[in-house]
Structures are given as structure tokens and as C-alpha cells.
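# Results of the structural survey
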Amino acid sequence: PEQLGVSEKFVFAIGNLVMAWANCESLFSAILELLVSKPGNNDAAVIWLSNVNTRARLDLILNLAKARGLSQKTYQSISQAHSRFKSITSSRNFYCHGYYGTENGELCDVDGYRIDPSKPFPVIQETRAIDKALLNEVVHTIMRTLALSDELGTLCHKLRDELKAPHVELPPLPPEPKKKRESRQPPSKEKRRKDPPQSSPA
């Protein structure tokens, strides 16, 4: 909402990022089910829930995809989605596990921490000011996540066809992107130019 300040818009944006991220995660869960499940068992759910680390889940899916002997195109699609989701997850984790500072009752910055064993003191702190620039960055990440979600949905259906796994229920295919209307081109100068006035007969 336009009437909200940057701090409040930031909170809304983080909520949207978390939901979009969770939707992508559920589609990776569907890919795992397609790769390992057979009619009548629930092995995929056991495997997924036994690996509570997102990176471990993604790496498992990529290794299974390679082991299943999928077409090169399908494997590359999964590999690329894997890489993009890891990048998005890094951003999501920064905001979801960060420490937030306030000023006059509003969020003003967020601190994130990571380990770098090569440093004398391995804990590295990163502080980001919550301003319009950061808000735009989060919104951009949301758009990337939504785009990936649509691509994963389409990929799941293609994978189900390739693996001949009709027993796996999938969400409906994402809607086709609307085609941009062709912009009307202004007439050429030749067409716009008027004929010179004719002289009246003497």
C-alpha cells in the first residue's frame, strides 16, 4: 500500500518473499516425489522430512536427477533451477534469520552473520540499512522467486511425462504469460506528409 512507510512496506515484502520461497520449496518436493516414488508408497515424504537442511535436499534432488538418466534438457533445467533457488534461499535466510534494529518504533537496519574460516575471527557480520534501495532489492528477489515458481511448475509436468509417473498428483500448470500487445507504430513520414497545396487555376 502506497500510504505505508518504507519500514512497513519492507515487512510486507518479507512476508511475500517467504510465501513465494515456500511455494518453490514445495515444487522441489514434488520433483523429489517424481524421482523416487512408486504407486502406493510415501518414500518421498520420508526422505524429504528426514533431510531438514534445504541445501541437502536440493543436492539430493540434483544427484537423483543425474542418476535417473534423464534427458540432457530436463537435467539442465533441474540443475539451473537448483542454482537459482540456492541464490534466492541465501537472500531469504539473511532476512529470516537476521537481527533487526529499530529507531523511533520503526525498523532501521538488519544484521546478518556468516562463518568464514579463513578469517582470524570467523564470524562475519553484515549490516544493511532498511531503505528504499533495500526494499527494491527484496521486491526484485520476490519477482525472481515467482518466475522460478512458474518454471518449476511447468518442469514438474514435463518430468512426470518423461518418467511416466501419472500416479504423482501435481498442481495445475501455471497460466501462460500474456502476450504483449503490439505497439502501434506511428505512420511513416511519407504517409504523414501532406501533398503540397495545388495552385488554383488562373
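Residues numbered from 1 in each chain as written. Predicted model: local features only at pLDDT ≥ 70, side-chain atom pairs only at ≥ 80, totals over all residues. Heavy atoms only, no water.

### Considering the side chain of Arg160
Note on placement: Arg160 falls in helix H5 (residues 132-163). The charged side chain of Arg160 is buried without a salt bridge, its nearest counter-charge being Asp161 at 4.9 Å. For Arg160, the residues in contact, after removing those within four places along its chain, are Leu34, Ala165, Pro166, Val168, Glu169 and Leu170. (Helix = DSSP H or I, 4+ residues; strand = E, 2+ residues; numbered from the N terminus. Buried < 20%, exposed > 50% of the residue type's maximum accessible area, 1.4 Å probe, protein only. Lys, Arg positive; Asp, Glu negative; His and termini not counted. Salt bridge = Lys/Arg side-chain N within 4 Å of Asp/Glu carboxyl O. Contact = heavy atoms within 4.5 Å.)

### A few points about the pattern of salt bridges
Enumeration according to the criterion identifies four salt bridges in this entry. We note a salt bridge from Arg57 to Glu25, for which the minimum N-O separation is 3.2 Å. Placement of Arg57 in helix H3 (residues 54-67) and of Glu25 in helix H1 (residues 6-36) is noted, with a sequence separation of 32 residues between them. Owing to a relative accessible area of 11%, Arg57 belongs among the buried residues under this scheme. Residues Glu126 and Arg128 are paired through a salt bridge, measuring 2.9 Å at the closest nitrogen-oxygen approach.

### Thoughts on the environment of Lys9
Turning to its location among the elements, Lys9 is positioned in helix H1. With relative accessibility at 24%, the residue Lys9 sits in the partly exposed group. When the C-alpha atoms of Lys9 and Lys132 are compared, they prove to be 9.4 Å apart, with 123 residues separating the residues in sequence.

### With respect to the pairing of strand S2 (residues 106-115)
Sheet topology note: the strand S1 (residues 99-103)/S2 ladder contains five bridges and is antiparallel. Following the sheet pairing, Tyr99 is matched in S2 by Asp111. Between the end of S1 and the start of S2, which pair antiparallel, lie two residues, with Asn104 showing a positive phi angle near 55°. Judged from the seven bridges that link them, S2 and strand S3 (residues 123-129) form a sheet pairing that is antiparallel. For Arg114, the partnering residue across the bridge sits in S3 and is Ile124. (Pairing = 2+ DSSP bridges.)

### Observations regarding the nonpolar core
Ranked by size, the top nonpolar core spans 29 residues in total, and within it Phe28, Ile31, Ile78 and Leu152 carry the most contacts. Contributing elements (two or more residues each) for this core: H1, H3, helix H4 (72-96) and H5. Counting residues per element, this core draws most heavily on H1, which supplies nine residues. Non-local contacts of Phe28, meaning those with residues more than four positions away in its chain, are made with Trp48, Leu58, Ile61, Ala81, His82, Phe85 and Leu152. (Core = buried A, V, L, I, M, F, W, Y, C linked by side-chain atoms within 4.5 Å.)

### Some remarks on the confidence of the model for the protein chain
For residues with low pLDDT, the predicted coordinates do not support detailed interpretation. Across the protein chain, pLDDT averages 87, with 86% of residues at or above 70. Every residue in residues 189-197 scores below 50 in pLDDT, and together they form two contacts with partners more than four places removed in sequence or on other chains. (pLDDT = per-residue confidence, 0-100.)

### So, the packing of aromatic side chains
What describes a pair of aromatic rings is the distance from one ring centre to the other and the angle between the planes of the rings. Inspection of every chain in the model, using the stated rule, returns six aromatic pairs. Aromatic side chains Trp21 and Phe85 sit 5.5 Å apart centroid to centroid with 20° between the ring planes, which places their arrangement in the stacked category. Of the two residues, Trp21 sits in helix H1 while Phe85 sits in helix H4, which places them 64 residues apart along the sequence. Under the relative-accessibility criterion, Trp21 is labelled buried at 5%. With a centroid separation of 5.3 Å and 85° between ring planes, the pair formed by Phe94 and Tyr95 is classed as edge-to-face. Members of the aromatic cluster, joined through ring pairs, are Phe10, Phe94, Tyr95 and Tyr100. The ring of Phe94 has Arg128 sitting right over it, with the charged end atom 4.0 Å from the ring centre. (Phe/Tyr/Trp six-rings, centres within 6.5 Å; stacked < 30°, edge-to-face > 60°. Lys NZ or Arg CZ within 6 Å of the ring centre and 35° of its normal.)

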